[in-house]
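An overview of the molecular structure
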Amino acid sequence: QVQLVESGGGLVQAGGSLRLSCAASGRTFSSYAMGWFRQAPGKEREFVAAIYWSGGSTYYGDSVKGRFTISRDNAKNTVYLQMNSLKPEDTAVYYCAASTRVATLSTGSWGQGTQVTVSS
């Protein structure tokens, strides 16, 4: 079983930055994919970014490309999401997810989420 704990959310003004962290425990992650999703009130869950532990290949949703960067620290079993040039439409609860493949992240293990609020 994988346990995921997100942190780093908060309130920021438009144009600002935040860095989210996701600490993973309970399994070895050498072959795991990790990712971030978000969900705003009244909207569907949206894929944000993903990364493989081993190869470092990264993937991004269209709405965050060029602004967000996903990275990992294998020694700490932690994945980060650096969010720059934040917009009010980035306001959402951000969830960390883990699975054996990027394609199955949405059905893998999930954290409790961390709120990000961007004020205009």
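Residues numbered from 1 in each chain as written. Predicted model: local features only at pLDDT ≥ 70, side-chain atom pairs only at ≥ 80, totals over all residues. Heavy atoms only, no water.

1. A word on the packing of aromatic side chains
- Summed over all chains, the structure comprises 4 aromatic pairs.
- Their ring planes at 75° and their centres at 6.3 Å tell us that Y52 and Y59 sit as a pair that is edge-to-face.
- Given a relative accessible area of 22%, Y52 falls into the partly exposed group.
- Judged by relative accessible area, Y59 falls into the partly exposed class, the value being 36%. (Phe/Tyr/Trp six-rings, centres within 6.5 Å; stacked < 30°, edge-to-face > 60°. Buried < 20%, exposed > 50% of the residue type's maximum accessible area, 1.4 Å probe, protein only.)

2. Comments concerning the side chain of S109
- Along the chain, the position of S109 falls in strand 10 (residues 109-110).
- Taking the relative accessible area as the measure of exposure, S109 reaches 19% and is therefore buried.
- In this view, S109 contacts V2, L4, C96, A97 and A98; residues no more than four positions away in its chain are not counted. (Helix = DSSP H or I, 4+ residues; strand = E, 2+ residues; numbered from the N terminus. Contact = heavy atoms within 4.5 Å.)

3. Some details on the environment of Y60
- Among the structural elements, Y60 can be located in strand 6 (residues 58-60).
- Y60 sits in the partly exposed class, given a relative accessible area of 22%.
- Residues Y60 and V48, 12 residues apart in the sequence, show an inter-C-alpha distance of 5.7 Å.
- Every residue in contact with Y60, bar those within four places of it in the chain, is listed here: F47, V48, A49, K65, F68, T69 and I70.
- In terms of polar contacts, Y60 uses its side chain to reach the backbone amide nitrogen of I70, at 2.9 Å. (Polar contact = N/O pair within 3.5 Å; in protein donor to acceptor, adjacent residues only side chain to side chain.)

4. Here's the deal with the pattern of salt bridges
- Counted by the stated rule, this structure contains 4 salt bridges.
- Between E46 and R38 there is a salt bridge, with its nearest N and O atoms 2.8 Å apart.
- Judged by relative accessible area, E46 falls into the partly exposed class, the value being 28%.
- Look at R38 and you get buried, because its relative accessible area is 5%. (Salt bridge = Lys/Arg side-chain N within 4 Å of Asp/Glu carboxyl O.)

Limitation: the analysis is restricted to geometry and does not speak to function.
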